[in-house]
Amino acid sequence: MPVSDDDFHKRVEKLMKWLRKNGARFPKVELSRYAEEGRDLRAKKSIKADEEIIYIPRKCIIEVQQGKECKIGKAVKREAKGWVSGHTYLAIRMLTERDLGSKSFFAPWFEVLPTDYKAQGMPQYWSDEQKEEIKHTKTLAKTNAVVAAIEEMWSRVSVVSAVKKAGWTFEDFAWARYTVLTRTFGVEIGKKEATVMVPLADMANHEFDRPSRWKYDDYKKGFVVKVVRDIEPGINLTDTYGSKGNDSFLPFYGFCLEKNEFNQGRFSLPTTNVNGLQVPFLARTAVSRCAYEPEDGKIKNIDATIDTEASGSKRGGKELLSYCRALVLDAKELEEMMKRQSLVKKPTVSPVSCENESRTLRLIRDTAKKTIEQFATTVEEDEMLLADKSKAPPFSWYRNAILARVGEKRTLRHYVRLANSCLPLLSFKSVKEMSNEKSFKDIREANRSEEWGYYANKYLDKVILPLVTLVSTKR
């Protein structure tokens with residue numbers, strides 16, 4: 001049920017009035033504050049599939065280009081030391097409008113935005129003692145990297161005369177950057193990619209199976225949101241914040257999901273072939289990298305989910321396996337691979353042989369075990385803490401810390417189990433012989449509606465069976 005909050009209600013009414021006055025439409029949508037979920041968008045009336053539920057005209061949208069074209073933005077373009085990100089120009093636009101107070105065209109929108117990101121649960125504002133709970137996690141690494149990125153941008157723009165004259169502090173800039181980080185949409189306007197901020201639409205909570213779809217409509221000259229299925233009154237009108245693990249949700253948005261199939265483990269790997277071979281395509285192997293985490297050249301960090309067939313934005317295990325296969329290539333295997341012209345541009349190393357895959361799995365397993373050993377708690381201990389909601393209350397920073405670290409540990413442990421289960425299978429000379437092996441039967445009998453059963457069988461079908469079949473055909 002909605003929480004009674006007269007001040008919030010008044011600010012929402014002011015926002016809605018401003019939007020309607022400027023041509024926005026959202027007749028079946030309400031913005032409320034709820035006890036558990038916080039604020040959210042919900043359906044006031046029944047909505048049919050493919051029905052447009054929100055229209056926000058372009059004049060109510062904040063764009064990167066506006067930040068570049070405002071007075072301070074132009075000064076930054078002239079005087080800033082080095083490249084300045086699009087998010088920074090959006091932050092400049094936000095601060096410029098905020099400084100106008102009630103005179104700003106966007107004032108009704110700004111009045112409903114967060115004023116304190118510490119209160120939002122962002123780990124960037126946690127104490128050192130709190131951060132100990134996510135020690136050795138990629139969550140903490142990403143948290144620190146986001147802070148470093150914001151500090152770097154501030155060092156570039158704070159020297160600009162117009163920024164100094166405005167009197168902005170780092171705290172002001174950080175507020176604007178976090179507001180941008182948590183509320184942007186990537187769209188196409190006039191066939192050009194654009195990053196924008198959209199009032200009302202930015203209030204939707206996250207759900208992977210969201211009912212909504214959005215885009216910028218050039219014909220309507222505005223941002224539109226539709227639903228893809230019938231919606232009953234009171235249903236949460238969610239969006240998706242992307243195929244992200246809790247390691248991203250926590251430092252980017254201040255929350256974690258209780259269940260998240262996109263949780264990743266971090267694998268810190270060598271940057272050169274373990275056999276001392278010069279692998280020309282190794283550095284160019286197709287591996288996604290988070291923009292907030294530059295490589296230091298000493299190790300190669302690969303973040304992977306348990307899906308060994310996923311890659312790219314989903315950051316799956318396909319890229320992890322590909323890179324590790326290249327790392328463990330022997331001389332004969334490398335010679336054969338260099339004959340494949342497809343490896344020249346953006347190489348992805350497919351399964352090579354049973355022997356190579358065995359070395360690959362051992363490297364991944366040993367790397368995962370080394371990382372797991374760094375943690376002060378086990379998966380089982382974390383699960384016990386989560387089960388006691390008096391110690392780890394829902395939505396608390398402490399519960400989010402546990403969810404973040406246990407999500408990483410579960411992913412790492414999945415790869416240890418996968419390697420231990422599949423390594424014996426790679427020694428067989430035929431699929432018929434292999435099918436009698438206990439670990440083969442265990443995988444086949446695993447519940448495919450659960451993560452282990454589904455993804456272990458997927459790897460077995462896509463990688464192990466073809467490799468063993470190849471061996472049998474060569475006999």
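Right above here is the structure, for reference.
The present account deals with the structure reproduced in this document. All figures in this text were calculated on a predicted structure; none of them were measured in a lab.

Within the span of helix α3 (residues 71-79), buried status applies to I72, G73, A75 and V76. Down the axis, α3 shows its buried residues gathered within 160° of arc, on one side only. Turned more than 90 degrees away from the buried face of α3, the exposed residues are K71, K77 and R78. Of the surrounding secondary structure, the elements contacted by the buried residues of α3 are α2 (64-69), α4 (86-99), α7 (138-157) and α8 (161-166).

Our focus in this paragraph is empty space enclosed by the protein. Evaluation of the coordinates by the stated rule reveals one cavity of 30 Å³ or more. Roughly 80 Å³ of internal volume is contained in the largest cavity. Taken together, the elements giving at least two residues each to the lining of the largest cavity come down to β3 (52-57) and β7 (212-217). Of the residues belonging to the lining of the largest cavity, the class tally is nine nonpolar, two polar and one charged.

A word on the environment of Q130. Tracing the backbone shows Q130 in helix α6 (residues 128-131). Put simply, Q130 and K391 are 261 residues apart on the chain and 15 Å apart in space, counted from C-alpha to C-alpha.

This part is about the sheet that holds β3. Taken together, three strands build an open sheet; the order of strands is β3-β8-β7 and the sheet is antiparallel. Two strands close off the open sheet at either side, each with one partner strand: β3 and β7. Mean inter-strand twist for the sheet, computed between neighbouring axes without regard to direction, equals 15°. Strand direction decides the pairing type here: β7 and strand β8 (residues 222-227), joined by six bridges, are antiparallel. Residue pairing for β8: K215 is matched across the bridge by V224.

Following the criterion strictly, the structure yields 31 salt bridges and no others. Notably, a salt bridge pairs K138 with D303, separated by 3.4 Å at the nearest N-O pair. Of this pair, K138 sits in helix α7 while D303 sits in strand β10 (residues 300-304), and the two are 165 residues apart along the sequence. Taking the relative accessible area as the measure of exposure, D303 reaches 9% and is therefore buried. D303 is the salt-bridge partner of R266, the closest N and O atoms lying 2.8 Å from each other. With a gap of 37 residues between them, R266 in strand β9 (residues 265-269) and D303 in strand β10 connect regions that are remote in the sequence. The exposure class assigned to R266 is buried, which follows from its relative accessible area of 14%. By sharing partners, the salt bridges in this structure join K138, K142, D247, R266 and D303 into a single network.

This paragraph deals with the packing of α7 against helix α10 (residues 246-253). Packing of α7 against α10 leaves a shortest axis separation of 9 Å and a crossing angle of 35°. When you trace α7 past α10, the crossing you get is right-handed. Where α7 abuts α10, its residues K138, T139, K142, T143 and V146 lie against D247, S248, L250, P251 and F252. The class makeup of the residues in the contact of α7 with α10 is four nonpolar, three polar and three charged.

On to the nonpolar core. If you look at the biggest cluster of nonpolar residues, it comprises 76 residues, and the most contacted ones within it are I56, V76 and W109. For this core, the element with the highest residue contribution is helix α9 (residues 170-183), accounting for seven residues. Residues in contact with I56, not counting those within four places in the same chain, are L19, A24, I61, V198, P199, L200, G222 and F223. Ranked by size, the runner-up nonpolar core spans 49 residues in total, among them V349, A368, F440 and I443.

Side chains of strand β5 (residues 184-189) alternate between two faces, with F185, V187 and I189 buried and T184, G186 and E188 left unburied. Between β5 and strand β6 (residues 192-197), which pair antiparallel and follow one another directly, the connecting turn spans two residues, one of which, G190, has a positive phi of 60°.

With that settled, the discussion passes to the packing of α7 against α9. Close contact between α7 and α9 brings their axes to 10 Å; oriented N to C, the two are set at 125°. Taken together, the axes of α7 and α9 are oblique relative to one another. At the point where α7 passes α9, the crossing takes the right-handed sense. Packed against α7, whose contacting residues are V146, V147, I150, E151, M153, W154 and V157, the element α9 presents F170, F173, A174, R177, Y178 and L181 at the interface. Class assignment of the residues belonging to the contact of α7 with α9 gives a composition of 11 nonpolar, no polar and two charged.

The rules behind the values
- Residues numbered from 1 in each chain as written.
- Predicted model: local features only at pLDDT ≥ 70, side-chain atom pairs only at ≥ 80, totals over all residues.
- Heavy atoms only, no water.
- Buried < 20%, exposed > 50% of the residue type's maximum accessible area, 1.4 Å probe, protein only.
- Helix = DSSP H or I, 4+ residues; strand = E, 2+ residues; numbered from the N terminus.
- Arc of directions from axis to C-beta.
- Contact = heavy atoms within 4.5 Å.
- 1 Å grid on protein atoms, 1.4 Å probe; cavity = no way out; pocket = protein on both sides within 12 Å on 5 of 7 lines; lining within 4 Å.
- Points joined across faces, edges and corners; volume = space filled by probe spheres on them.
- Nonpolar A, V, L, I, M, F, W, Y, C, P; charged D, E, K, R; others polar.
- Pairing = 2+ DSSP bridges.
- Axes fitted to C-alpha atoms, helices over the stretch in contact; angles between N-to-C directions.
- Salt bridge = Lys/Arg side-chain N within 4 Å of Asp/Glu carboxyl O.
- Left-handed = near helix turned anticlockwise from the far one by under 90°.
- Core = buried A, V, L, I, M, F, W, Y, C linked by side-chain atoms within 4.5 Å.
- Parallel < 35°, antiparallel > 145°, perpendicular 65-115°, else oblique.

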